[in-house]
Amino acid sequence: MSPLTGTGTAGRVLAVKIDNVGFAQREQTGLNSADLVYVIQVEGGLSRYLAIFDSAHAPARVGPVRSARQTDIPLLAAYGKVGLAYSGAISGLLPDLAAANLQNITPASASRLFSNGGSDPTYIKLADVFVAYPDLAEAKDVGLRFGAAPSGGQPAVSVSARMPSASFTFTASGTQWLVSVDGHAAMTTDQGRTSADNVIIQHVHVVPGKYTDHNAGHPDNEVFSETTGQGPADFYRDGKVWHGQWSRPATPRRPTTPSTARRCRWLPAAPGSSWKGRG
């Protein structure tokens with residue numbers, strides 16, 4: 001059983017940076033096949049996705065692929081040496097990416113694995129990636145547990161999470177949560193409405209990043225989400241919410257532990273996909 005979804009079998013792991021701003025929302029492909037989707041704040045108060053895919057049930061292609069961020073490195077440390085597919089990064093970050101325990105996969109290093117979807121968007125061919133990189137780490141425990149819903153919980157029709165220039169709403173539909181971004185229903189070109197089985201709102205500190213991006217002709221200050229330490233968290237599954245805590249040791253290779261506030265019991269997720277975002 002996969003430790004990332006509580007279902008099926010575990011395969012090798014590839015993380016992909018996916019664009020979700022403006023027109024890119026209507027060009028997303030393969031997102032509903034992700035085991036986990038991290039919603040990460042970037043410069044200008046906008047957001048990007050870091051989506052985790054397993055070779056055991058990978059879609060044909062995923063995208064649009066965008067640039068890596070500083071927050072990606074500690075988030076992925078708990079997964080082992082997995083692949084990170086992205087299209088570019090600011091110059092100061094490149095040495096950190098090269099030194100990280102990751103297999104960097106970019107159009108510059110492996111152009112044959114990427115395709116152009118039209119005038120601009122870039123997509124990655126996942127089946128080809130897993131053939132080209134047979135040594136990517138297999139899915140492992142990153143802090144999730146799966147099982148029946150715990151007692152308690154409060155009914156929840158929807159939940160919203162906001163960043164300075166982005167907003168997300170997750171609306172209950174049976175056991176699923178339908179995703180809306182900036183007030184619009186999120187859709188994929190190949191899989192219909194974007195949805196998740198679990199939504200975890202993890203309240204973290206967002207601080208100035210190490211680097212500044214000058215590529216756009218003006219400085220954009222990168223930000224960094226602190227994903228070690230501890231803080232409040234809200235867990236949504238089966239049309240209900242539980243309020244609790246998250247914690248992760250300062251050693252980033254250790255997983256994040258979610259728990260309910262009462263007696264710190266480990267909070268089980270519903271088998272299936274999960275979205276994680278900051279509140």
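So, here's what we can say about the structure. Owing to the predicted nature of the structure, the values given are computational and were not obtained by experimental measurement.

**A few points about the overall build of the protein**
- When helices and strands are tallied, the protein shows 3 helices and 23 strands.
- Counting only residues that meet the buried cut, the protein has 54% of its 279 residues in that class.
- Considering only contacts within the protein whose residues lie at least 6 apart along the sequence, 62% involve residues at least 24 apart.
- Carbon together with sulfur atoms contributes 51% to the accessible area of the protein, which is approximately 11700 Å² in total.

**Concerning the pairing of strand E23 (residues 274-277)**
- Side chains Ser274 and Lys276 of E23 all project onto a buried face; the interleaved residues Trp275 and Gly277 project onto the opposite face, where all are buried too.
- In terms of strand pairing, strand E2 (residues 36-41) meets E23 through 3 bridges, oriented parallel. Bridge assignment links Leu36 to a residue of E23, and that residue is Ser274.
- Where strand E17 (residues 198-202) lies against E23, 4 bridges are found, and the strand directions are parallel. Among the inter-strand pairings, Val199 is bridged to a residue of E23, identified as Trp275.

**Points about the pattern of salt bridges**
- One pass over the structure, following the stated rule, counts 7 salt bridges.
- Arg69 serves as the salt-bridge partner of Glu43, at 2.7 Å between the closest nitrogen and oxygen. Taken together, the residues Glu43 in the loop between E2 and strand E3 (47-54) and Arg69 in the loop between strand E4 (61-62) and helix H1 (72-77) connect sequence positions 26 residues apart.
- Of the residues examined, Glu43 reaches a relative accessible area of 14% and is grouped as buried.
- Taking relative accessible area as the criterion, Arg69 reaches 7% and is therefore assigned buried.

**Topic: the nonpolar core**
- Judged by nonpolar contacts, the single largest core of 40 residues is most densely connected at Val16, Tyr49, Ile105, Ile124 and Trp275.
- Breaking this core down by element, the ones donating at least two residues are strand E1 (13-18), E2, E3, helix H3 (126-132), strand E10 (158-163), strand E11 (166-173), strand E12 (176-181) and E17.
- Setting aside residues up to four positions removed in sequence, Trp275 forms contacts with Leu31, Val37, Val39, Tyr49, Phe170, Val179, Thr194, Ser195, Ala196, Asn198, Val199 and Ile200.
- Judged by nonpolar contacts, the second largest core, of 35 residues, contains Leu36, Leu102, Leu144 and Ala233.

**Some words on the side chain of Arg48**
- In this fold, Arg48 is placed in strand E3.
- Judged by relative accessible area, Arg48 falls into the buried class, the value being 6%.
- With near-sequence residues (within four places) excluded, Arg48 lies in contact with Lys17, Ile18, Asp19, Asn20, Val21, Tyr38, Val39, Ile40, Val42, Arg66 and Arg69.

**Brief notes about the pairing of E12**
- Where E11 and E12 come together, 6 bridges link them in antiparallel fashion. Within E12, the position partnered with Thr171 by the bridge is Leu178.
- Hairpin geometry of E11 and E12 is characterised by an intervening segment of 2 residues between the two adjacent antiparallel strands and by a positive phi of about 65 degrees at Gly174.
- Two elements, E12 and strand E16 (residues 195-196), share 2 bridges in a ladder whose sense is antiparallel. The residue bridging Trp177 from the neighbouring strand is Ala196, located in E16.
- Where E12 lies against strand E13 (residues 184-185), 2 bridges are found, and the strand directions are antiparallel.

**Focus on the environment of Arg162**
- Mapped onto the elements of the fold, Arg162 is located in strand E10.
- On the basis of relative accessible area, Arg162 is assigned to the exposed category, the value being 60%.
- Along the backbone, Arg162 and Leu46 are 116 residues apart, and their C-alpha atoms lie at a distance of 9.9 Å.

**Topic: the sheet that holds E4**
- In spatial order, the strands read E4-E8-E7; together these 3 strands make up an open sheet with antiparallel pairing. Of all strands in the sheet, those with a lone pairing partner are E4 and strand E7 (114-116), marking the two edges.
- Here E4 pairs with strand E8 (residues 122-125) via 2 bridges, running antiparallel. Bridge pairing in E8 places Arg61 opposite Lys125.

Thresholds applied
- Residues numbered from 1 in each chain as written.
- Predicted model: local features only at pLDDT ≥ 70, side-chain atom pairs only at ≥ 80, totals over all residues.
- Heavy atoms only, no water.
- Helix = DSSP H or I, 4+ residues; strand = E, 2+ residues; numbered from the N terminus.
- Buried < 20%, exposed > 50% of the residue type's maximum accessible area, 1.4 Å probe, protein only.
- Contact = heavy atoms within 4.5 Å.
- Areas by Shrake-Rupley, 256 points an atom, 1.4 Å probe, with all protein chains shown as cover.
- Pairing = 2+ DSSP bridges.
- Salt bridge = Lys/Arg side-chain N within 4 Å of Asp/Glu carboxyl O.
- Core = buried A, V, L, I, M, F, W, Y, C linked by side-chain atoms within 4.5 Å.

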